[in-house]
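Single-letter residue listing:
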Amino acid sequence: MIGSIAAQQPVQGFDAAAAMARYKKVALQVNTSAFSEKEKQAVRLLIGAAQIADSLFWKQAWGDKNELLRAMPAGPLRDFTLLNYGPWDRLNNDAPFIQGIGTKPEGARFYPPAFTKAEFDRVADSSKFSAYSILNRDAFGQTTVQPYSAAYTGELRLMTQQMRMAAGLLRPTDPLFSDYLELRANDLLRDNYDISDRFWLEMRDNKFDLIIGPIENYEDKFLGIKTAFEAYVMVRDNEWSQRLEKYIGLLPWLQENLPVAPAYKQEKVGNSGSQLAVFDALYYAGDCNAGSKTIAVNLPNDETIQKEIGTRRTQIKNVMRAKFDNMVQPISELLIDPKQRVNITFNAFFNNVMFHEVAHGLGVKNTIDGKRTVRESLGAKYSAIEECKADVLGLYMVTRLLERGELTEGTLADYYVTFVASVFRSVRFGASSAHGKANMITFNFLLNSGAVKRNKKGTYRVNINAMKKAINDLAGLLLKVQGDGSEARAAELLAKDGIIGTILAQDLARLESSGIPVDIYFEQGIHTLGIQ
Ligand SMILES: [Zn+2]
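Per chain, the residues get numbers from 1 upward, laid out in the order the sequence is written. Predicted model: local features are reported for residues with pLDDT of at least 70 only, side-chain atom pairs are reported and counted for 80 or more only, and whole-chain, interface and lining totals are derived from all residues. Note that water and hydrogens are dropped before the side-chain values are worked out from all heavy atoms of the structure.

Attention now goes to the domain arrangement of the protein. By a widely used convention, the size of an interface equals the accessible area lost when the partners come together. Here the domain parsing of the protein yields domain 1 (24–236 + 275–310 + 525–532) and domain 2 (317–500). On a C-alpha basis, the centres of domain 1 and domain 2 stand 32 Å from each other. Counting from both sides, the interface comprises 14 residues of domain 1 and, opposite them, twelve residues of domain 2. Here domain 1 packs against domain 2, burying approximately 1,000 Å² in sum over the two surfaces, 69% of which is carbon and sulfur. Of all residues in domain 1, the largest losses of buried area upon contact with domain 2 belong to L276, V278 and I295, amounting jointly to 51% of the total for that side. We count a salt bridge whenever a side-chain nitrogen from Lys or Arg sits within 4 Å of a carboxyl oxygen from Asp or Glu. Taken together, the links from domain 1 to domain 2 amount to zero salt bridges. Polar contacts, as counted here, are pairs of nitrogen or oxygen atoms within 3.5 Å of one another; within protein the pair requires one atom able to donate a hydrogen and one able to accept it, and residues that are adjacent in sequence qualify only if both atoms are side-chain atoms. Linking domain 1 to domain 2 there are five residue pairs in polar contact (both at pLDDT 80 or more). Each domain's limits were defined by an automated method or a database of domain assignments. Note on contacts: a residue pair qualifies if any of its non-hydrogen atoms lie within 4.5 Å across the two residues. For any pair of parts, buried area is found by adding up, for both, the accessible area (1.4 Å probe) each one loses once the two are put together.

Attention shifts here to the coordination of the zinc ion. The textbook angles at a metal center are 109.5 degrees for a tetrahedron of four donors and 90 or 180 degrees for an octahedron of six. Coordinating donors are taken to be N, O and S atoms lying within 2.8 Å of the metal, or within 3.2 Å when the metal is Na, K or Ca; because water is excluded from the atom set, some sites may appear incomplete. Taken together, H356 (NE2), H360 (NE2) and E387 (OE) make up the full set of protein donors to the zinc ion, lying 2.1 Å away. Coordination of the zinc ion draws on donor residues from a single chain, spaced H-x3-H-x26-E in sequence. No difference in accessibility class separates H356 from H360, as the two residues are buried. Per-residue accessibility, obtained with a 1.4 Å probe over protein chains only, is compared with the maximum for each type, and a residue is labelled buried under 20%, exposed over 50%, and partly exposed between these values.

Attention now moves to the packing of helix α16 (residues 382–403) against helix α18 (residues 434–448). Between two packed helices, what matters for the description is the angle formed by their axes and the separation of those axes. Axis definition: a line fitted to C-alpha atoms, over the contacting stretch in the case of helices. Angles run 0 to 180 degrees between N-to-C directions. Helix numbers and strand numbers start at the N terminus; a helix is a DSSP run of H or I with at least 4 residues, a strand a run of E with at least 2. Between α16 and α18, whose axes approach to 8 Å, the crossing angle comes to 55°. Classified by the angle their axes make, α16 and α18 are oblique. In this structure, α16 crosses over α18, and the sense of that crossing is right-handed. For the pair α16 and α18, contact is made by S383, A384, I385, E387, C388, D391 and V392 and by A434, H435, K437, A438, N439, I441 and T442, respectively. Each residue gets one label: Ala, Val, Leu, Ile, Met, Phe, Trp, Tyr, Cys and Pro are nonpolar, Asp, Glu, Lys and Arg are charged, and the others, such as Gly, are polar. Taken together, the residues of the contact of α16 with α18 break down into seven nonpolar, four polar and three charged. Our angle categories are set so that under 35 degrees counts as roughly parallel, over 145 as roughly antiparallel, 65 to 115 as roughly perpendicular, and the remainder as oblique. Working rule for handedness: look at the near helix, and if it is turned counterclockwise from the far one by less than a right angle, call the crossing left-handed; if clockwise, right-handed.

Another aspect to go through is the layout of surface pockets. Of the grid points, spaced at 1 Å and generated over the protein atoms alone, those admitting a 1.4 Å probe that cannot get out make up cavities, while open sets with protein on both sides within 12 Å along at least five of seven lines make up pockets; any residue with an atom within 4 Å of a point is treated as lining. Grid points are joined across faces, edges and corners, and a volume is the space filled by probe spheres set on the points. By volume, the second largest pocket is sized at about 460 Å³. Taken together, 18 residues form the lining of the second largest pocket, with L82, Y85, N289, F522 and Q524 sitting closest to its centre. For the lining of the second largest pocket, the elements supplying multiple residues, two or more each, are α2 (37–61), α4 (76–84), β8 (275–286) and β13 (519–523). Grouping the constituent residues of the lining of the second largest pocket by class yields nine nonpolar, three polar and six charged.

Let us look at the sheet that holds strand β7 (residues 228–236). In a beta sheet, neighbouring strands pair by backbone hydrogen bonds and run either parallel or antiparallel. The sheet built from five strands is open, its strands ordered β6-β7-β8-β10-β9 with mixed pairing. Each of the sheet's edge strands pairs with one partner strand only, and the pair in question is β6 (208–216) and β9 (296–299). Here the average twist between neighbouring strands, direction ignored, is 35°. At least two DSSP bridges between two strands are needed for those strands to be called paired. As defined by bridge partners, β6 adjoins β7 across eight bridges and the pair is classed as antiparallel.

Time to look at helix α17 (residues 412–426). The length a helix should cover is 1.5 Å for every residue beyond the first. For α17, spanning 15 residues, the distance from its first C-alpha to its last is 21 Å, which sits close to the expected 21 Å at 1.5 Å a residue. Of all 15 residues making up α17, 14 are buried, and the element is well covered by its neighbours.

Another point: the packing of α18 against helix α20 (residues 487–497). Where α18 contacts α20, the axes come no closer than 9 Å and their chain directions differ by 75°. Regarding the angle of α18 to α20, the classification is roughly perpendicular. Note on element contacts: α20 touches α18 through L493, L494 and D497, opposite K437, M440, I441, N444, F445 and N448. Considering only residue class, the contact of α18 with α20 consists of five nonpolar, two polar and two charged.

The criterion is simple. A nonpolar core is a set of buried Ala, Val, Leu, Ile, Met, Phe, Trp, Tyr and Cys residues joined through side-chain atoms within 4.5 Å. Counting residues in each nonpolar core, the largest one holds 179 residues, and the members touching the most others are M159, M397 and F424. With 13 residues, α2 is the single largest residue contributor to this core. In terms of domain composition, this core takes at least three residues from each of domain 1 (24–236 + 275–310 + 525–532) and domain 2 (317–500). Discounting chain neighbours no more than four positions away, the residues touching F424 are I331, L335, I336, F443, Y460, L504 and L508.

Turning our attention to the packing of aromatic side chains. Classification of ring pairs uses Phe, Tyr and Trp, with its six-membered ring standing for Trp, and accepts pairs whose centres are within 6.5 Å; under 30 degrees between planes counts as stacked, over 60 as edge-to-face, and the remaining range as tilted. Going through the model one piece at a time under the given rule, you end up with 31 aromatic pairs. Their ring planes at 50° and their centres at 5.2 Å tell us that F424 and Y460 sit as a pair that is tilted. Taken together, the residues span a long stretch of sequence, with F424 in helix α17 and Y460 in strand β12 (residues 460–462) at a distance of 36 residues. Take F424: its relative accessible area is 0%, and that puts it in the buried class. A connected cluster of aromatic rings, assembled from ring pairs, spans Y111, F115, F120, F129 and F222.

Okay, the pattern of salt bridges next. One pass over the structure, following the stated rule, counts 32 salt bridges. A salt bridge links E403 to R400; the shortest N-O distance between them is 3.2 Å. Of this pair, E403 and R400 both sit in helix α16, separated by three residues, roughly a single helical turn. Here R428 ties to E512 by a salt bridge, and the two come within 3.0 Å at their closest N and O atoms. Taken as a pair, R428 in the loop between α17 and α18 and E512 in helix α21 (residues 502–512) lie far apart in primary sequence, 84 residues in all. Its relative accessible area of 9% is what places R428 among the buried residues. With a relative accessible area of 38%, E512 lands in the partly exposed category. Within this structure, R90, K104 and E219 form a network of salt bridges that share partners.

Take D497: it is sitting in helix α20. With 52 residues separating them in the primary sequence, D497 and F445 have C-alpha atoms 7.3 Å apart. Filtering out sequence-adjacent residues up to four positions away, D497 remains in contact with M440, I441, N444, F445 and N448. Separated by 3.3 Å, the side chains of D497 and K496 make a polar contact.

See the structure below:
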């Protein structure tokens, strides 16, 4: 594989400029004018730490980054390689786009080349199962296991030094975050994230955040065990975090008023331990920056901690804004009725996503006969139905909060029309995920009930009053499916409506010839932030 790199030609038929043009470059910016000098200095250090996480992800995903890029002059092929963190197209099933490279190893660089399951089974060292170890083959063909802290010693030392320096600078103004940085640094050096994960979840009101380390296991498609390095440097959006608390406080009232019989809303709701937070990103690095960009993170992944304390879901507002401007907005210009395009707003888009998250807390977790959890009862159908419930109850929340005057910005039409436009965005490349299926159940229900109508020209318009009723009807239906734990009705709903219909598929196909970006990528760093 390495030997053929000197050529550095795209595979036949691959047009790097065209591939690159499908992504929109976005400057990752926030207003840094109010940052103190110490804060700016600290952010520079945190970005430095993140860049090391970036280089570790390169090692894990591909190997030697410099060797790959050396014979690649500036231009779209190099840009596309950087965007994908390697020579495989992430949004096209990892298809290789550089000649002589071949298919991507399923286990990326977490395992030796051409490693088999049988070989893995023969390894006696039980640390092979660790999320934080890599496997190598020595000169004698023996497989050895190495913890990340040993495999990446130099990088981790530098990374943690920068984190500790930032902690020192922020101690007077952000003491808890400083403590967290110290604990995280310790954990990075010992391959165990328990202490810093717990501290992070308990941490409140920190101005900055740094999510850093080996976190998600998607890069390991061989066994799904090994975690990839990534980092997010972020600053809190105070205004939004406060608004959120207010809405979470209204959950009990919303639960009481759900459009369903009392038995299906008897559980107490409130803060289940899981939190929601709104941040702006200053820097993305590694796994989360590869291919399509994450707009929300739900962490930690440690299931023990999840059960004991919960998780925190962080919405990344400036990145959501970039996706809205570059994707939702132009999609709506092709698929939403011209008269209703004025109702497509970022405010509604952002709120809908937030209310979706809050709405996961409504309804019941256990079937009304008290015998099982809803999750157990619905099995593999659970995720799609739960996501659909969150979509619909999110819209229900918006409706009630606007009526009650708790939500003051925007109109019902803004929220409804923007919801429909964001469905088009999320199912643009298919509806195979739980979210995609959920979106389609909602959309098809709205279409069948006349709340959404297709015009002759292939645009869609929302009937506000019909929508209100349809939301209540579908909410009632989903809450019953969950409360009864009826897997049969969940299956029926998914089979009938959890799919993209032929006409919508044709309408979505129009997006592909329109040049609407498939995703964004960042121009980012201390210069972009104006803190050099
Ligand atoms: Zn959800």
